Amino acid sequence: MSLQLQREVSLKPFNTFGVDVRARLFAEAHSDADVRQALACAVEQGVPLLVIGGGSNLLLTADIPALVLRMATRGIRILSDDGRRVVIEAEAGEPWHPFVQHTLAQGLSGLENLSLIPGTVGAAPMQNIGAYGVEIKDVFAGLTALDRQTGELRDFSLDECNFAYRDSLFKQQPGRWLILRVRFALSRVEHLHLEYGPVRQRLTEQGVDQPTATDVSRAICSIRNEKLPDPAVLGNAGSFFKNPLVSAAQVARLKTQYPDLVAYAQPDGQMKLAAGWLIERAGWKGFREADAGVHKAQALVLVNYGEATGLQLLNLAQRIQKDISERFQVELEMEPNRY
Ligand code: FAD
Ligand code: NAP
């Protein structure tokens, strides 16, 4: 089936903030051939190409004068299995959480802490998705991307991806690499990460004392369901700001004024502050102006109560940044990709 090109399409169903902007052109890619056809089509029509997955890390602030290509490629395959270590590959358009569940059902561990993250496999390397002490770099075995500058395919190893906290080469070079499929090295022998936040406590509450990877996934899903707004009910893009990395000296200074400040030591000597704590302490939790707001239960999440525009959400985010900078001398960086 060849590429189905549509004109002037509302992107409201294609971004989890539920912001209503239009794409000049829109198409879905179900194969590598569709991707190449879309790139050619964008050139022909004289517009840029913007690739999206599940739209769960986007803030759309205006109509998009581009061909928006939604990755809908599907396919999961095991590439190697030595009885302990299994390399599994998934196409970019595979929805992330069902992929995680599929690996668990095959008896493979490694992705359980990343359960219930919205979006697609292809977008996961963009910001090296992470949760509960695990990032995809910890289980990454490679990916194949299309170089939009040359049209050539390139395989990337772990070292070539520049993965860092919510960052990667692909984020640093926006619009250059179109990720087609991603590989993960998972394990038939479980090495569970339970020491983060409330994971172990939740397992205990659930009466699980010898957890499996599937138990960990269930516990994390239950914590997330309680704490985070479901985008199907209340528009949001997850954490709106990254947790800022600051010096130990700055933390010591802040602690004299805020003894209960939350900060985590990093391997490189820096300290990570909980951005949600700063925003809550500054009084923004539950704030609402028109339909743009700060979630009642989690101050790190901006929400759209219905008809907020991307600009209203951006304006609110900028006010929060300014306030946090003035109060704590800490600069917050926005996490979602803005267009
Ligand atoms: P999109 O939002 O569609 O795109 C994100 C960026 O990637 C855009 O710049 C887009 O151009 C680019 N892109 C998308 N697909 C491709 C591709 N195939 N090739 C090249 N570029 C591409 N994130 C975390 O890290 N941890 C969490 O725990 C987490 N929890 C969340 C909870 C909620 C409720 C929500 C709404 C979001 C959360 N997120 C989290 C953010 C988001 O889900 C992830 O960043 C996710 O990987 C985005 O995937 P997506 O397919 O929706 O990407
Ligand atoms: P939380 O458990 O309330 O913790 C608050 C913050 O403290 C988190 O942001 C986390 O940083 C940090 N933290 C907690 N325990 C830590 C530890 N043992 N060591 C180091 N840092 C620690 O956070 P939450 O909001 O409920 O989110 C839970 C997890 O899901 C977090 O990992 C978070 O990143 C992830 N998440 C991400 C998004 C997103 O959109 N990016 C959305 C929802 C949840 P880190 O964020 O660095 O882990």
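The structure we're discussing is the one just above.
On a predicted model such as this, the values are computed, not experimentally measured, just so you know.

**Describing the site of ligand 2**
Here is step 1 of the chain: Taken together, 17 residues lie near ligand 2, and Arg166, Tyr196, Lys227, Lys272 and Gln298 sit nearest.
Here is step 2 of the chain: Lysine 227 is positioned with one of its side-chain polar atoms (N or O) 2.6 Å from an oxygen atom of ligand 2.
Here is step 3 of the chain: Within the side chain of tyrosine 264, an N or O atom sits 3.4 Å from a nitrogen atom of ligand 2.
Here is step 4 of the chain: Of all the secondary structure elements, the ones that give two or more residues to the shell around ligand 2 are strand S8 (130–131), helix H5 (213–227) and strand S13 (235–239).
Here is step 5 of the chain: Considered class by class, the residues forming the shell around ligand 2 number six nonpolar, six polar and five charged.

**Comments concerning the site of ligand 1**
Here is step 1 of the chain: Lining the immediate environment of ligand 1, one finds 36 residues, of which Val51, Gly53, Ser56, Thr120 and Tyr339 sit closest.
Here is step 2 of the chain: Glutamine 127 places a side-chain nitrogen or oxygen 2.9 Å from an oxygen atom of ligand 1.
Here is step 3 of the chain: Separating a nitrogen atom of ligand 1 from a backbone N or O atom of isoleucine 179 is a distance of 2.8 Å.
Here is step 4 of the chain: Compared with its free state, where it exposes 980 Å², ligand 1 has 95% of that area covered by protein.
Here is step 5 of the chain: Residue classes in the shell around ligand 1 are distributed as 20 nonpolar, 14 polar and two charged.

**Describing the nonpolar core**
Here is step 1 of the chain: In this structure, Phe241, Leu278, Ile279, Ile320, Ile324 and Phe328 are the most contacted members of the largest nonpolar core, which totals 48 residues.
Here is step 2 of the chain: A total of seven residues in this core trace back to one element, the largest contributor, which is helix H8 (residues 310–328).
Here is step 3 of the chain: Discounting residues that sit within four places of it in the chain, phenylalanine 328 has contacts with Gln250, Leu254, Tyr258, Trp277, Leu278, Arg281 and Ala282.
Here is step 4 of the chain: One finds Leu104, Ala131, Leu169 and Leu203 within the second-largest nonpolar core, a separate group that totals 40 residues.

**Details of the pattern of salt bridges**
Here is step 1 of the chain: As enumerated under the stated definition, the model contains 27 salt bridges in all.
Here is step 2 of the chain: For aspartate 215, the salt bridge goes to arginine 218, with nearest N and O atoms at 3.5 Å. Of the two residues, aspartate 215 and arginine 218 are both situated in helix H5; the distance of three residues between them amounts to about one turn of the helix.
Here is step 3 of the chain: Judged by its relative accessible area of 16%, aspartate 215 is buried.
Here is step 4 of the chain: Put simply, lysine 322 and glutamate 326 hold a salt bridge, and the shortest N to O gap is 3.2 Å. Here glutamate 326 and lysine 322 lie together in helix H8, a separation of four residues that amounts to about one turn.
Here is step 5 of the chain: For glutamate 326, a relative accessible area of 53% translates into the label exposed.
Here is step 6 of the chain: Several salt bridges converge on common partners, so that one network encompasses Asp32, Arg77, Glu89, Glu91, Asp155, Arg181 and Arg183.

Cut-offs used in this document
- Residues numbered from 1 in each chain as written.
- Chains lettered and ligands numbered in written order.
- Predicted model: local features only at pLDDT ≥ 70, side-chain atom pairs only at ≥ 80, totals over all residues.
- Heavy atoms only, no water.
- Near = heavy atom within 4 Å.
- Polar contact = N/O pair within 3.5 Å; in protein donor to acceptor, adjacent residues only side chain to side chain.
- Helix = DSSP H or I, 4+ residues; strand = E, 2+ residues; numbered from the N terminus.
- Nonpolar A, V, L, I, M, F, W, Y, C, P; charged D, E, K, R; others polar.
- Areas by Shrake-Rupley, 256 points an atom, 1.4 Å probe, with all protein chains shown as cover.
- Core = buried A, V, L, I, M, F, W, Y, C linked by side-chain atoms within 4.5 Å.
- Buried < 20%, exposed > 50% of the residue type's maximum accessible area, 1.4 Å probe, protein only.
- Contact = heavy atoms within 4.5 Å.
- Salt bridge = Lys/Arg side-chain N within 4 Å of Asp/Glu carboxyl O.

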